[in-house]
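Next come the chains, spelled out residue by residue.
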Amino acid sequence: MKSKPIYVELPIKAPLEQVWQATQEPERHQQWDLRFSSITYLPKEEGEPQSFLYQTNIGLGLRIAGWGESVGDHKKDGSRTSSLRFGTDQKISLIREGRGYWKYQQQADTTTFLTQYDYDVRFGFVGRLVDRLCFRPLIGWATALSFDVLKRSIEKKESPHWQFIRFFLSMSMVLLFSFVWLYHGLVPKVFLKHPDEVMMIERALGISGNSAGFAVSLVGFLEIFIAAVWLFYKNKRHLFFIQILIFPLLMVSAIIVAPQFLGDPFNPVTFNGALLTLSVVGLYLSKDLPTASTCRRRRNK
């Protein structure tokens, strides 16, 4: 079960030395690299590898602390390379020890910044299985996303911190809207066929009995489909914009069909109004988000 090394490549419109400084200075590196929460260089003698310590916060107060060594050099063609060894003795870390490199290639006004690295894992067969199915794709994605954050911080002068805030807030809203559509389609409409749902369909369409129940189920499956669209459709801004148009219509329709609900907690006005407001905020936050998809993930053959 041998996994392929992680490879990420991205062109950045900047001189090589500018990209080198943004990636080799620990204070700047830890700002844009999602894989590290802090990086501390240790004192070194001239000619020795640069040793450092790192920490990665993984949530719930847990941290992975590790060590590393890097060596940089110049090539005859003008490119630069930084070789790296890293690892951790903490047993909760899937990674035991790894190695890789960063390479910088100047091409006109663009620097191609790329990395390739691999690592050994703990926990035997189970560890290798978890790494191949889950962890390696996740850390590869985090590397690619971080590279794009670096690119935007250099080219557009947008702080990495604000980029990550916008990215994770936007993704949180995507998950929230997917859950809202899924829950309201699955529970009150498909599973329960709630009397209030049936009543509103009867009034809106002028039908009753089994026909109204069938129509409620159809609407439920449509909402479940919308929940899936939120997860898999790439341009989330389109979805935020569509919702800005839809929620006022749903609010007005509910008021016309069932005005008696206006006095209830979480009534059509407050519920649809809250979702409308979140859609407006989501549309703003999701403009020009960093993305891992801008990076090349395979070496040229």
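About the thresholds
- Residues numbered from 1 in each chain as written.
- Predicted model: local features only at pLDDT ≥ 70, side-chain atom pairs only at ≥ 80, totals over all residues.
- Heavy atoms only, no water.
- Helix = DSSP H or I, 4+ residues; strand = E, 2+ residues; numbered from the N terminus.
- Rg over C-alpha atoms; globule rule 2.2 N^0.38 Å.
- Buried < 20%, exposed > 50% of the residue type's maximum accessible area, 1.4 Å probe, protein only.
- Contact = heavy atoms within 4.5 Å.
- Expected span 1.5 Å × (residues − 1).
- Polar contact = N/O pair within 3.5 Å; in protein donor to acceptor, adjacent residues only side chain to side chain.
- Axes fitted to C-alpha atoms, helices over the stretch in contact; angles between N-to-C directions.
- Parallel < 35°, antiparallel > 145°, perpendicular 65-115°, else oblique.
- Left-handed = near helix turned anticlockwise from the far one by under 90°.
- Nonpolar A, V, L, I, M, F, W, Y, C, P; charged D, E, K, R; others polar.
- Phe/Tyr/Trp six-rings, centres within 6.5 Å; stacked < 30°, edge-to-face > 60°.
- Lys NZ or Arg CZ within 6 Å of the ring centre and 35° of its normal.
- Pairing = 2+ DSSP bridges.

1. Comments concerning the overall build of the chain
Right, so step 1: The secondary structure content of the chain amounts to eight helices and seven strands.
Right, so step 2: Taking 19 Å as the expected radius of gyration for a compact globule of 301 residues, we find that the chain reaches 25 Å, considerably beyond that expectation.
Right, so step 3: Viewed in the frame of its principal axes, the chain has a C-alpha envelope of about 85 × 45 × 40 Å.
Right, so step 4: When each of the 301 residues of the chain is scored for burial, the buried share is 42%.
Right, so step 5: Considering only contacts within the chain whose residues lie at least 6 apart along the sequence, 60% involve residues at least 24 apart.

2. Describing helix α8 (residues 268–285)
Because the α-helix completes a turn every 3.6 residues, residues three or four places apart line up on one side.
Right, so step 1: Under the 1.5 Å per step criterion, the end-to-end length of α8 is 25 Å for 18 residues, consistent within 8% with the ideal 26 Å.
Right, so step 2: Residues of α8 that are buried in the fold lie against α4 (160–191) and α7 (236–257).
Right, so step 3: Between the side-chain oxygen of the N-cap and the backbone nitrogen of Val269 there are 2.9 Å, and the N-cap of α8 in question is Asn267.

3. Some points on the packing of α7 against α8
Right, so step 1: Two elements in contact, α7 and α8, have axes separated by 9 Å at closest approach and are oriented at 165°. One finds that α7 runs roughly antiparallel with respect to α8. Between α7 and α8 lies a crossing of left-handed hand. In this structure, α7 contributes Arg237, Phe240, Phe241, Gln243, Ile244, Phe247, Pro248, Leu250, Met251, Ala254 and Ile255 to the contact, and α8 contributes Pro268, Val269, Asn272, Gly273, Leu275, Leu276, Ser279, Val280, Gly282 and Leu283.
Right, so step 2: When grouped by side-chain class, the residues that make up the contact of α7 with α8 number 15 nonpolar, five polar and one charged.

4. A short note on the packing of aromatic side chains
Right, so step 1: Inspection of every chain in the model, using the stated rule, returns 19 aromatic pairs.
Right, so step 2: Between the aromatic rings of Trp20 and Tyr104, the centroid separation amounts to 5.0 Å while the plane-to-plane angle is 55°, which identifies the pairing as tilted. Residue Trp20 is located in helix α1 (residues 16–24), and its partner Tyr104 is located in strand β6 (residues 95–107); the two are separated by 84 residues in the primary sequence.
Right, so step 3: Three or more aromatic residues link up through ring pairs in this structure, and these residues are Trp20, Trp32, Trp102, Tyr104, Phe113 and Phe147.
Right, so step 4: Taking NZ or CZ as reference, Arg80 lies 3.6 Å from the ring centre of Trp20, over its face.

5. With respect to the pairing of β6
Right, so step 1: As paired strands, strand β5 (residues 80–87) and β6 are joined by eight bridges and run antiparallel to one another. If you follow Arg85 over to β6, its bridge partner there is Arg99.
Right, so step 2: Where β6 lies against strand β7 (residues 110–121), 12 bridges are found, and the strand directions are antiparallel. By the bridge assignment, Trp102 is partnered in β7 with Thr115.

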